[in-house]
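Inside the fold
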Amino acid sequence: LYFNSAEQLFLSSNYQKALVSLQKYLDRYPDGKNGYKADFYMAESYRNLGQMEKACDSYKKVIADGEGSFVELSMLNFSKISYDLEKWKDAFGGYASLYEHAVLENNKYTALVGMMRSAYRGHEWNEAIRNADRVIFDSRSDAAMKQEADYLKAKSYLASSRRDEAHAILQKLSADVNSPYGAEAAYMLIEDSYD
């Protein structure tokens, strides 16, 4: 009864009241069979209220104790929020877990792209290069995504002092100066020559 009334509050988008009711349920029944669902609804409520740190904390509980699609969706949302909060290590870890456990193929691909981007942003150059290669060779990647992956790979090579490998990719990208990555690649090659 506690859980059902809290769930109805959540489903009616009354997030503040839902949080109070869900917390009461968790306090009263800490080992209740709907505990992970309550944590998921709390995470979603926090997310909808803009309290992202608290949302991440609740998603972590679902990932640890939940089951089924609740876990997969929690991994996805935790990773996205961590990326938006610029917590690159958490984002990479979340996307890596999602990639390993996802049932839905589109979530697997989202995880792959997320690993590439968060590794690059977190200055994990080898991981960024490895995942960029995986994105490039994935059949679901369109031309724009492959171009982004090439660009991140080249920048990661530069950051890890592998200039020759970076320049080969930048030369390829610079052939299309009308795209943002191509224009940036051309500029980087010109700047390097000038230096």
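Data block above holds the structure.
I will try to describe carefully the structure that is included in this document. Keep in mind the model is a prediction, meaning the values are calculated, not measured.

**Thoughts on the nonpolar core**
- In this structure, Leu-98, Met-116 and Val-135 are the most contacted members of the largest nonpolar core, which totals 35 residues.
- Every element with two or more residues in this core is listed here: helix 5 (69-84), helix 6 (88-101), helix 7 (105-121), helix 8 (125-136), helix 9 (143-159), helix 10 (163-173) and helix 11 (180-194).
- Top element by residues in this core is helix 7. It accounts for 8 residues.
- Apart from residues lying up to four places away in sequence, Met-116 is in contact with Ala-128, Asn-131, Ala-132, Val-135, Met-145, Glu-148, Ala-149 and Leu-152.
- Listed in part, the 21 residues of the second largest apolar core include Leu-22, Phe-40, Tyr-46 and Cys-56.

**Structural notes on the pattern of salt bridges**
- Considering all chains together, one arrives at 10 salt bridges under this definition.
- One salt bridge connects Arg-140 with Asp-138, and the closest N-O pair in it is separated by 2.8 Å.
- Asp-138 gets classed as buried once you look at its relative accessible area, which sits at 12%.
- Asp-150 is the salt-bridge partner of Lys-172, the closest N and O atoms lying 2.8 Å from each other. With a gap of 22 residues between them, Lys-172 in helix 10 and Asp-150 in helix 9 connect regions that are remote in the sequence.
- Given a relative accessible area of 9%, Asp-150 falls into the buried group.
- Residues participating in the shared-partner salt-bridge network are Glu-105, Asp-138 and Arg-140.

**As for helix 4 (residues 52-65)**
- The terminal C-alpha atoms of helix 4, which comprises 14 residues, lie 20 Å apart, in line with the 20 Å expected from a rise of 1.5 Å per residue.
- What helix 4 keeps buried is the set Ala-55, Cys-56, Ser-58, Tyr-59 and Val-62.
- Contact partners of the buried residues in helix 4: helix 3 (35-48) and helix 5.

Calculation notes
- Residues numbered from 1 in each chain as written.
- Predicted model: local features only at pLDDT ≥ 70, side-chain atom pairs only at ≥ 80, totals over all residues.
- Heavy atoms only, no water.
- Core = buried A, V, L, I, M, F, W, Y, C linked by side-chain atoms within 4.5 Å.
- Buried < 20%, exposed > 50% of the residue type's maximum accessible area, 1.4 Å probe, protein only.
- Helix = DSSP H or I, 4+ residues; strand = E, 2+ residues; numbered from the N terminus.
- Contact = heavy atoms within 4.5 Å.
- Salt bridge = Lys/Arg side-chain N within 4 Å of Asp/Glu carboxyl O.
- Expected span 1.5 Å × (residues − 1).

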